[in-house]
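Notes for the structure review
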Amino acid sequence: IKQYDKSEGFLTSALKLQPDDVATLRALARVARVTGDLEKALSYLIQARRIAPNSAGVLYDFGTTTLEMGLVLDALPVFEKLHRTYPREPAYLYALAAVHWKKGEVGETTRLMNSYLLLQPRSSSGWYLLGASLLRQEKTSEAKAALDRSLSLKIDPDTQYLLGVIFEKAGNRSSANEMFRKVVQSSPNHAAAHAALGAAYREAGNYAEARMELERAVELDANDLRANYQLGLVYAKLGEKEAAQKMFDLADELRKRNREQETVILKLIDEPPPQP
């Protein structure tokens, strides 16, 4: 943190000397993003866009920042423009697919990711996003093939989790649980994997293990609908009626607000794009 503070101080001084320097504005935005201040990063990039509205590098930084902030409608036209201008630049193609994924447009995500993977066949994140979009369309065999390919290129807990979901859907409980255990071993804060394991333990009648996993899932993500509901079932089975009702009420509230946990983690591209 001290190093970033020092960098920000030097860059801020440089910007005072040359307020229209795009490189300095982008550097300040990068420091702000790394330190978690996305609003500050965006303010620098808005200044940079005013000075260099057609700079691909500035547009890319602006698009990725707004996408990270959930400002999908701001990111979309930026990546559409970049992809039109540089149709064979993988980074811009991937970013456009990521925006469509965030919008819930899984068919378009699949189409764009297939194009991306023709250019970047060894991109683990590309195969991951393709697998996720196919899974959302219930094309489980195609999704599994894509996710297996991703995992062969890079071991990743989120990819393993989705493969566990596919095994779960197919009724292959032992393979699903094996995959979920791998996830929590390598990524102990993966709430969805804890919830999936807890549900499996509950179904098997192992209520002590189920309780431990589901309480951990709720601790990590209080808005996990599955974990709240399953934990309510466990409490009910253990005779803790008041605690069970509390979890059921929470689950009902989450369901009404359509706030089921998003279990697919959007990956950034493997390589940074050229920055003209």
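Quick caveat: nothing in here was measured; it's all calculated off a predicted structure. (Residues numbered from 1 in each chain as written. Predicted model: local features only at pLDDT ≥ 70, side-chain atom pairs only at ≥ 80, totals over all residues. Heavy atoms only, no water.)

**With respect to the overall build of the protein chain**
This is how it is decided: Per the convention used, a helix needs a DSSP run of H or I reaching at least four residues, while a strand needs a run of E reaching at least two, with both numbered from the N terminus. The buried label applies to any residue whose accessible area, calculated with a 1.4 Å probe on protein chains only, is under 20% of its type's maximum; exposed applies above 50%, and partly exposed to all values in between. Residues are treated as being in contact if the distance between any of their heavy atoms lies within 4.5 Å. Each accessible area value is a Shrake-Rupley result obtained with a 1.4 Å probe; residue values ignore everything except the protein chains displayed when judging cover. For the charge count, each Lys or Arg is scored as positive and each Asp or Glu as negative, with His and the chain ends excluded. A charged residue contributes its charge at one atom only: NZ of Lys, CZ of Arg, CG of Asp or CD of Glu.
Helix and strand content of the protein chain: 15 helices and zero strands. Sorting the 276 residues of the protein chain into buried and exposed places 47% on the buried side. Once local pairs closer than 6 in sequence are excluded, the contacts in the protein chain between residues at least 24 apart make up 51%. Of the roughly 14200 Å² of accessible surface on the protein chain, 51% is carried by carbon and sulfur atoms. Charge-centre separation for the protein chain: the mean point of 37 positive side chains lies 2 Å from the mean point of 36 negative side chains.

**Thoughts on the pattern of salt bridges**
It is possible for side chains bearing opposite charge to pair when their charged atoms get close. Stated formally: Think of a salt bridge as a Lys or Arg side-chain nitrogen and an Asp or Glu carboxyl oxygen that are within 4 Å of each other.
Within the structure shown, the criterion is met by 13 salt bridges. Among the ionic pairs, Asp61 bridges to Arg26, the shortest N-O distance being 2.7 Å. Of this pair, Asp61 sits in helix H4 (residues 56–68) while Arg26 sits in helix H2 (residues 22–34), and the two are 35 residues apart along the sequence. In this pair, the class of Asp61 matches that of Arg26, namely buried. We note a salt bridge from Glu138 to Lys169, for which the minimum N-O separation is 3.7 Å. Of the two residues, Glu138 is situated in the loop between helix H8 (124–136) and helix H9 (140–153) and Lys169 in helix H10 (residues 157–169); the sequence distance between them amounts to 31 residues. Of the residues examined, Glu138 reaches a relative accessible area of 52% and is grouped as exposed. What makes Lys169 partly exposed here is its relative accessible area of 47%. Through salt bridges with shared partners, a single ionic network connects Glu168, Arg173, Glu203 and Arg226.

**Regarding helix H11 (residues 173–186)**
Because each turn of an α-helix spans 3.6 residues, side chains separated by three or four positions end up pointing in the same direction. Note the cut-off: Multiplying one less than the number of residues by 1.5 Å gives the expected span of a helix.
Given a rise of 1.5 Å per residue, 14 residues ought to cover 20 Å, and the 20 Å separating the end C-alpha atoms of H11 matches this to within 8%. When H11 is considered as a whole, its buried residues turn out to be Ser175, Ala176, Asn177, Met179, Phe180, Val183 and Val184. Close packing links the buried residues of H11 with H10 and helix H12 (191–203).

**Focus on H9**
The terminal C-alpha atoms of H9, which comprises 14 residues, lie 20 Å apart, in line with the 20 Å expected from a rise of 1.5 Å per residue. On its buried face, H9 is in contact with H8 and H10.

**Quick notes on the packing of H10 against H11**
The following threshold applies: An axis is simply a line fitted to the C-alpha atoms; with a helix, the fit covers only the stretch in contact. Between two such axes, the angle follows the N-to-C directions and lies from 0 to 180 degrees. The labels follow the angle: roughly parallel below 35 degrees, roughly antiparallel above 145, roughly perpendicular from 65 to 115, and oblique for the rest. Note: crossing handedness is left-handed where the near helix turns anticlockwise from the far helix by less than a right angle, and right-handed where it turns clockwise. By the convention adopted, Pro, Cys, Tyr, Trp, Phe, Met, Ile, Leu, Val and Ala count as nonpolar, Lys, Arg, Asp and Glu as charged, and the other residues, Gly among them, as polar.
Between H10 and H11, the least distance of the axes is 8 Å, while the angle of their chain directions is 160°. As far as their axial angle goes, H11 and H10 are roughly antiparallel. The interaxial crossing formed by H10 with H11 has left-handed handedness. Where H10 approaches H11, its residues Pro157, Gln160, Tyr161, Leu163, Gly164, Val165, Phe167 and Glu168 are matched on the opposing element by Arg173, Ser175, Ala176, Met179, Phe180, Lys182, Val183 and Ser186. Taken together, the residues that form the contact of H10 with H11 break down as nine nonpolar, four polar and three charged.

**Examining the nonpolar core**
Rule in force here: The nonpolar core is taken to be a set of buried Ala, Val, Leu, Ile, Met, Phe, Trp, Tyr and Cys residues, with the residues joined through side-chain atoms within 4.5 Å.
Formed by 81 residues in total, the largest nonpolar core has its most connected members in Phe79, Leu82 and Tyr161. Top element by residues in this core is helix H6 (residues 90–102). It accounts for ten residues. If we skip the residues at most four places from it in the chain, Leu82 touches Ala56, Leu59, Tyr60 and Tyr92.

**Description of the packing of aromatic side chains**
Going by this rule: Working definition: a ring pair exists when centres of Phe, Tyr or Trp rings (six-membered ring for Trp) sit within 6.5 Å. Plane angles under 30 degrees give stacked, over 60 give edge-to-face, the rest tilted.
Applying the stated rule across the entire model yields six aromatic pairs. Taken together, a centroid distance of 6.1 Å and an interplanar angle of 70° make the contact between Tyr60 and Phe79 edge-to-face. In this pair, Tyr60 is assigned in helix H4 and Phe79 in helix H5 (residues 72–85), connecting sequence segments 19 residues apart. As far as burial versus exposure is concerned, Tyr60 and Phe79 are alike and both buried. Centroid distance Tyr161 to Phe180: 5.5 Å. Interplanar angle 40°. Geometry classified as tilted. In this pair, Tyr161 sits in helix H10 while Phe180 sits in helix H11, placing the two residues 19 residues apart along the sequence. Across the pair, exposure class does not vary: Tyr161 and Phe180 are buried alike. Ring pairing ties together the aromatic residues Tyr60, Phe79, Tyr86 and Tyr92, which thus form one cluster.

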